[in-house]
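Okay, here's what each chain looks like letter by letter:
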Amino acid sequence: MIEGETPYDIVKQFRKIIGRSYIPPKFAFGFGQSRWGYTTADDFRKAADGYRENNIPIDMVYMDIDYMEDYKDFTVNQENFPDFEAYVNEMKEKGIHLIPNIKPAFLTSHPMYDEIKKQGFFVKNTDGTPYVTQFWDGLGSYIDFTNPKGFEFWNRQVKEKLLDLGIDATWNDNNEFDIKACDSVASGFGKEVRASEIRPILTYLMVLSSYKAQVDKYPNTRPFLSSRSGSSAIRRLAQTWSGDNFTSFHDLRFCHYVGMTLSLSGLYFYGHDLGGFSGDMPSKELLLRWMQHGVFEPRFTIHSWNKDNSATMPWSYEDKIDAAKEILAERKRLIPYLYNCAYEAVENELPIQAPPFIYFDDKNIDVNTTSFMLGRKILAKCVLDEGKDSVNIYLPKGEIWYLNGKKFTGGQNVELKIPADKEVPYFVKGGCVLPSDEGEYGFKKSEKLVFTVYPNESGEFKDTFFTDDGISYEYQKGNCAKLEFNVKANEGEIELEVNNSGNMNIDYDIRLVETDKRKLVIK
């Protein structure tokens with residue numbers, strides 16, 4: 001039983017019960033590309049080169065199963081990747097993190113299957129033989145991660161077959177452990193247990209084994225993992241996503257609610273396959289709407305398996321490349337804020353995204369609204385229906401809200417125009433200082449940190465901002481920037497004092513929201 005006076009009190013207590021989340025490296029908030037169908041090193045090179053040619057920055061490439069030899073874990077198709085290590089280093093030089101797919105079941109045709117069977121590392125039938133089930137286009141057996149030796153076997157494979165070649169992230173896929181036989185058993189760390197009853201534990205342990213391999217290999221670097229499945233405890237280790245969605249407006253809307261549920265459940269670092277994973281190639285409108293929605297989510301990745309064998313890309317429609325870039329540029333501007341929200345999520349259990357009713361005591365807020373808060377400063381709503389170009393958004397009462405500098409009083413509905421081929425306008429809550437990256441958008445990344453002060457009519461408020469090197473644990477030793485803004489508003493001027501309690505000095509500009517004509521005085 002969890003008690004609380006507000007919905008936020010309740011979900012916050014729940015999140016404390018399930019274990020602390022983690023801060024992923026900063027590159028995880030960048031843009032990722034994936035496709036089931038890239039089979040050769042040249043396929044991946046062509047995709048990466050397409051981003052350079054179109055002057056679109058990219059941070060990650062997820063490698064789906066076709067890099068393997070016939071879908072066999074920890075193998076590489078030597079014909080398609082004659083020098084896999086050189087390919088990994090080539091992508092690194094381009095600033096791209098590779099995230100290879102790995103799965104917890106070994107096909108019976110796998111060259112290591114008999115040895116794993118001999119060592120007893122599989123989930124078993126009651127007679128001691130490996131439990132065999134349908135897996136992809138064949139039959140396979142799941143690693144028993146409650147067997148410490150099985151756990152170490154997996155850990156070793158991740159290190160030797162991937163990390164030692166320069167890989168620094170893993171995509172832990174198909175890890176639902178689809179074990180239907182009630183009499184199959186796992187070792188249970190020495191006390192046998194029905195495997196079908198501990199599926200979430202097997203998933204968690206698989207990801208933990210990958211996690212420990214990455215920590216061992218790169219002890220000074222925060223690991224990045226993605227997991228398709230898991231209980232709420234998976235948030236301690238990995239990001240997740242909504243799985244194999246479809247290229248439809250129905251799924252765009254459905255995934256919005258899935259995301260809100262994930263966030264309230266403590267799984268802060270989530271997203272969706274933008275554009276939809278399977279089905280027809282998304283229409284121009286649908287692709288842009290997916291991208292607009294993804295701008296505000298931690299995971300920002302296109303992934304596709306289209307029926308016509310095409311790959312969904314930001315430039316899939318030549319006449320909409322500029323529109324796609326405008327949407328992607330909005331994401332770039334938001335990254336300092338998103339990264340700060342990640343810190344707040346881990347330190348203070350403040351969700352990166354959440355429905356507004358979590359924070360505001362306002363009975364006029366519809367609990368089923370598709371409006372959402374990004375952190376505590378931004379209120380947004382995306383178009384989720386085909387053929388529409390506007391939304392009606394309710395502004396919670398008791399607050400001042402800014403839209404493109406114009407002030408609105410809370411407690412009212414506002415009709416908001418959102419064309420599919422433009423960035424999404426959003427409201428900023430009065431009484432905050434909002435960070436943004438105003439550097440030039442493009443493949444050659446340029447950063448310029450700017451803080452915009454959104455004051456109330458009068459009175460004082462405080463705000464904070466966190467950043468660090470984006471990759472290490474040094475922030476835990478104080479080697480980071482922790483800014484505190486003290487703002488005092490009166491009739492003629494806005495007084496601002498900035499203090500940094502961290503050991504990292506950063507360059508930034510400060511401005512007052514452009515429609516406020518008072519004088520900004522920085523002490």
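Before reading further, recall that the structure is shown in the block above.
Q: Break down the pattern of salt bridges for me, citing the residues and quoting the values.
A: Counted under the stated rule, the structure contains 33 salt bridges. Between Lys523 and Glu495 there is a salt bridge whose closest N-O contact spans 3.3 Å. Of the two residues, Lys523 is situated in the segment after β29 (519–522) and Glu495 in strand β27 (residues 493–500); the sequence distance between them amounts to 28 residues. Owing to a relative accessible area of 18%, Glu495 belongs among the buried residues under this scheme. What you see here is one network of salt bridges that share partners, running through Asp42, Arg45, Asp49, Glu90 and Lys94.

Q: Outline the pairing of strand β1 (residues 31–34), listing residues and values.
A: Residues Phe31 and Gln33 point to one face of β1 and Gly32 and Ser34 to the other, with burial holding for every one of them. Note that β1 and strand β13 (residues 300–302) share 3 bridges and pair parallel. Across the sheet, residue Gly32 finds its bridge partner in β13, namely Thr301. Summarising the sheet, β1 and strand β2 (residues 60–63) pair through 3 bridges and their orientation is parallel.

Q: Tell me about the packing of helix α7 (residues 249–264) against helix α8 (residues 284–294), and please be specific about residues and values.
A: Two numbers describe how α7 lies on α8: the axes approach to 10 Å, and their chain directions differ by 10°. As the angle between them shows, α7 and α8 are arranged roughly parallel. When α7 is examined against α8, the residues Phe249, Asp251, Leu252, Cys255 and His256 are found in contact with a partner set consisting of Glu285, Leu286, Arg289, Trp290 and His293. For the contact of α7 with α8, the residue count by class is 5 nonpolar, 2 polar and 3 charged.

Q: Quick rundown of the sheet that holds strand β26 (residues 481–489)? Include the residues and the values.
A: Read from one edge to the other, the open sheet built from 4 strands follows the order β25-β26-β27-β29, with strand pairing classed as mixed. A strand with exactly one partner marks an edge of an open sheet, and here the two such strands are β25 (459–467) and β29. Neighbour to neighbour, the strand axes of the sheet diverge by 20° on average, direction disregarded. Pairing analysis gives 7 bridges linking β26 to β27, with the strands arranged antiparallel. Note that in β27 the partner of Asn486 across the bridge is Glu497. Helix α9 (residues 321–348) rests against β25 and β26 of the sheet, and its axis sits at about 90° to β25.

Cut-offs applied
Residues numbered from 1 in each chain as written. Predicted model: local features only at pLDDT ≥ 70, side-chain atom pairs only at ≥ 80, totals over all residues. Heavy atoms only, no water. Salt bridge = Lys/Arg side-chain N within 4 Å of Asp/Glu carboxyl O. Helix = DSSP H or I, 4+ residues; strand = E, 2+ residues; numbered from the N terminus. Buried < 20%, exposed > 50% of the residue type's maximum accessible area, 1.4 Å probe, protein only. Pairing = 2+ DSSP bridges. Axes fitted to C-alpha atoms, helices over the stretch in contact; angles between N-to-C directions. Parallel < 35°, antiparallel > 145°, perpendicular 65-115°, else oblique. Contact = heavy atoms within 4.5 Å. Nonpolar A, V, L, I, M, F, W, Y, C, P; charged D, E, K, R; others polar.

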